[in-house]
Amino acid sequence: AKDLANSEAMKEVQNAAADIEKFPSSVLYKYAEKKLGKRGKVIGEVNPDGSIYQIGSATTVVPSGSRGFITSRNVAFRKAVLQAKSEFVKLQGMRIASEESVKFFEDFGQGTDPDTQKKASMLSKLKRLANQSVDKALIEMGVSTTEVAKMNQKQKDKMVEEAYSQRGLQLAAGMLKGLSVCKIVEGQQKGGDYEVAVLMKYSKENQLLAAMIGQDKNAYIDPAKPSKTLDKIKNQEGKDLIPRLGVTTTVDSNGQYVVLAYGQAEVRKVSKRQSAEVNRAYSKAANQARDNLKNFVAQDISVEEITENQEKLTEYADGSDNLFTQDKFEQVINAKMTSIDNLRSYTMKRWTATHPISGDTIAGIVVAWSKEFSNKSRAVEKTLNTSDEELLRNQQNSSDDSSDESIGTETGIMMGGDDEDF
C-alpha cells in the first residue's frame, strides 16, 4: 500500500484531481455558490425572488499567443453564453425519448455440417478469377496485400455474441428574454487551454427592461437602489474592462436601470495604415456590443442532445474474439434569427488595452441603453422627421409668442458660453 501511494501513477492522479479545481468554470461555480448562498439563493433553480442563475463555459480553439486568439476568446465567450442559455431553456421543460436493447447469442458445435459442403461450380471458379484480378488491380494502385486479404476474409462462425445498445434524445426550445451576465472568470490552463466561464442571471426586472427595449416603449419601473457600477465603468481603465463581455444591468444615481453591452475586437499590427486598423477594430467591437444588447432583448433557443452507448462482444469458433464499444454524445444549440426594429443605444465608452496573457491589443466598446436616453432618442427621431412646412410653421408660432421678450436686460444677469454649445 505504501509503494502504491508513492507510485508515479498515483501522483499523476492526485495532481490531475488538484488541477481540476483550478479551472475557471470550477472557480466561478464555487464563487457563485458561496455568494448566492449568503442570500438564500442557489444555482439552477427558481429562487424565492424569481431570479434564476446558470453557468456556461467553453474553451478557445486558438491558443493564447497565436494570431486570432482574441477572436477565438470572443467565440468561446459566446459558446459559454449559449451553454448557459441552454440550461435556462431546459428549465422550462424537455421532451425526452430513449430506447435500449440487449442481445445474447450462443451457438456451440463441432465438426462440419455435410449439407453445407458444395462443389465449386464453373461460375464460382470464374468469380474467383475475377476477384483475383480485382485484388491485383488494387495492389497495383497501392493497397497493401494485408488490406486486400482482410477484404476477402470469410465471415467467421460466431460462437457467442453479447450486445447492448442505448440511444437517448432530448429536445428543448424556448424564447429567452432579459438574461444578463453576472460574473465572468477566464484564464489559461496547462497546455495552452484558455477557458471562459460565465454566470448568467434572469430576473423579472431584466425581462421588463428587455420588453421596453424590444417594443420601444416607455414603462414605469420602481426606482432601485443606486449602484456605483456605472461610474466605475465610466472611469475604469481599459485593462480593467477586458473581463467584461456580454450584457450587464446596473442602476444610475436616479434609481433608474441602465443596460450595458460590451464588445471587443483584436487590433492587428500592420506596417501601414495602423490608424485605419484601429478604427475597424472599434467598429467590429461596436457591432458585437449591439448584437449582445439585441440578444438580451430576445433570443429563440433550441437544444438537441443525443447520447448513444453500445457494447458488443463477439467470440468466434477459431478462438478469437472482438470487442466494440461506443460512447457518443452530440449537442446542438441553435439561436434562430431575430431582429429589433429600433434599438436605441449610445456609445458610453471606448478603450484600448493589452491582454495580460497573450499580449494582443484589444479595442473595446461599451454601448448603453437607458429610459432617459430612449426617450430623448424618440424625441430626436420625431424632430428630424418633421416636414419642412411643419418646421417653419412651428418656428413662426414660436417667434410670435416670444416677440415681446428681451434677453439680458435685467440688472445683474450675465450670460456666458459659446453659441456652438446650443
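Below is a summary of the structure that appears in this document. Keep in mind it's a predicted model, so treat the numbers as computed, not measured.

Our next topic: the pattern of salt bridges. Between side chains of opposite charge, a pair can form as their charged atoms come close. Summed over the entire model, instances satisfying the criterion amount to 16 salt bridges. The closest approach of N and O atoms between Lys239 and Asp240, which form a salt bridge, is 3.5 Å. You can call Asp240 partly exposed: its relative accessible area is 34%. A salt bridge links Arg268 to Glu277, with the shortest nitrogen-to-oxygen separation between them at 3.3 Å. Owing to a relative accessible area of 34%, Arg268 belongs among the partly exposed residues under this scheme. Through salt bridges with shared partners, a single ionic network connects Asp216, Arg344, Arg378 and Glu381.

Turning our eyes to something else, we now look at the sheet that holds strand β4 (residues 179–188). Read from one edge of the open sheet, three strands run β1-β5-β4, paired in antiparallel fashion. Edge positions in the sheet fall to β1 (52–59) and β4, since each of these pairs with one other strand and no more. Going across the sheet, the axis of each strand differs from the next one's by a mean of 15°, ignoring polarity. As paired strands, β1 and strand β5 (residues 194–202) are joined by eight bridges and run antiparallel to one another. Within the sheet, the bridge partner assigned to Ile52 lies in β5 and is Tyr202. Where helix α4 (residues 69–91) meets the sheet, it contacts β1, β4 and β5, and its direction lies at approximately 145° from that of β1.

What follows covers the layout of surface pockets. For the largest pocket, the calculated volume is near 1300 Å³. Around the largest pocket sit 37 residues that line it, and Val181, Cys182, Lys201, Thr229 and Thr249 are the ones nearest its centre. Elements that contribute at least two residues to the lining of the largest pocket include exactly α3 (24–37), β4, β5, α7 (204–215), α8 (229–235) and β6 (246–251). The leading source of residues in the lining of the largest pocket is β4, at five residues.

Here we take up α4. Its 23 residues give α4 an end-to-end C-alpha distance of 33 Å, which sits within 8% of 33 Å, the value for a rise of 1.5 Å per residue. Trailing α4 by a residue or two, Gly93 shows a phi angle of about 120°, which is positive.

Within the open sheet, the four strands sit side by side as β2-β3-β8-β9. Their pairing is antiparallel. Whereas interior strands pair on both sides, the edge strands pair on one side only; in this sheet they are β2 (95–106) and β9 (321–335). Across the sheet, the mean angle from the axis of one strand to that of its neighbour is 5°, orientation sign disregarded. Packed on one face of the sheet, α4 meets β3 (158–176), β8 (299–316) and β9 and runs near 90° to β8.

Now for the side chain of Ser25. Within the fold, Ser25 resides in helix α3. Side-chain polar atoms of Ser25 contact the side chain of Glu195, separated by 3.1 Å. In this structure, Ser25 is in contact with Ser57, Glu195 and Ala197, ignoring residues within four places of it in sequence.

Quick look at unusual backbone geometry now. One non-glycine residue, Asp216, adopts positive backbone phi at about 55°. Tracing the chain through its elements places Asp216 in the loop between α7 and α8. Located in the positive-phi region is Arg273, a residue other than glycine, with phi close to 55°. Of note, Arg273 is situated in the loop between β7 (257–266) and α10 (274–297). Its relative accessible area of 64% is what places Arg273 among the exposed residues.

Buried together is how nonpolar side chains tend to be arranged in soluble globular proteins. Ranked by size, the top nonpolar core spans 38 residues in total, and within it Phe77, Val198, Met200 and Leu260 carry the most contacts. Among the elements that line this core, the one with the most residues is α4, at nine residues. Dropping the residues within four chain positions of it, Val198 is found in contact with Leu28, Gln54, Ile55, Gly56, Phe77, Ala80, Val81, Val181, Lys183 and Ile184. Counting 25 residues, the second largest nonpolar core, distinct from the first, contains Tyr282, Ala286, Ala289 and Ile365.

With that settled, the discussion passes to the packing of aromatic side chains. Here the structure, examined in full by the defined rule, presents two aromatic pairs. When the ring of Phe69 is compared with that of Tyr194, the centres are 5.0 Å apart and the planes differ by 85°; the resulting orientation is edge-to-face. With Phe69 in helix α4 and Tyr194 in strand β5, the pair connects residues that are 125 residues apart, well separated along the chain. The same class applies to Phe69 and to Tyr194, which are both buried. A centroid spacing of 4.7 Å and a plane angle of 45° characterise the contact between Tyr346 and Phe373, whose relative ring orientation is tilted. Pair noted here: Tyr346 is in strand β10 (residues 346–354) and Phe373 is in helix α11 (residues 371–384), with a separation of 27 residues, a long-range link. Taking relative accessible area as the criterion, Tyr346 reaches 29% and is therefore assigned partly exposed. Assessed through its relative accessible area of 23%, Phe373 is described here as partly exposed. Here the basic side chain of Arg350 rests over the ring of Tyr282, its NZ or CZ set 4.0 Å away from the ring centre.

What follows concerns the packing of α7 against α10. It is the contact of α7 with α10, at a shortest axis distance of 8 Å, that shows an interaxial angle of 115°. The angle between α7 and α10 places the two elements in the roughly perpendicular class. Each of Asn206, Leu209, Ala210, Ile213 and Gly214 in α7 lies in contact with α10, whose residues at this interface are Leu293, Phe296 and Val297. In the contact of α7 with α10, the residues fall into six nonpolar, two polar and no charged.

Conventions we followed
Residues numbered from 1 in each chain as written. Predicted model: local features only at pLDDT ≥ 70, side-chain atom pairs only at ≥ 80, totals over all residues. Heavy atoms only, no water. Salt bridge = Lys/Arg side-chain N within 4 Å of Asp/Glu carboxyl O. Buried < 20%, exposed > 50% of the residue type's maximum accessible area, 1.4 Å probe, protein only. Pairing = 2+ DSSP bridges. Helix = DSSP H or I, 4+ residues; strand = E, 2+ residues; numbered from the N terminus. Axes fitted to C-alpha atoms, helices over the stretch in contact; angles between N-to-C directions. Contact = heavy atoms within 4.5 Å. 1 Å grid on protein atoms, 1.4 Å probe; cavity = no way out; pocket = protein on both sides within 12 Å on 5 of 7 lines; lining within 4 Å. Points joined across faces, edges and corners; volume = space filled by probe spheres on them. Expected span 1.5 Å × (residues − 1). Polar contact = N/O pair within 3.5 Å; in protein donor to acceptor, adjacent residues only side chain to side chain. Core = buried A, V, L, I, M, F, W, Y, C linked by side-chain atoms within 4.5 Å. Phe/Tyr/Trp six-rings, centres within 6.5 Å; stacked < 30°, edge-to-face > 60°. Lys NZ or Arg CZ within 6 Å of the ring centre and 35° of its normal. Parallel < 35°, antiparallel > 145°, perpendicular 65-115°, else oblique. Nonpolar A, V, L, I, M, F, W, Y, C, P; charged D, E, K, R; others polar.

That's the geometry; what it means functionally is another story.
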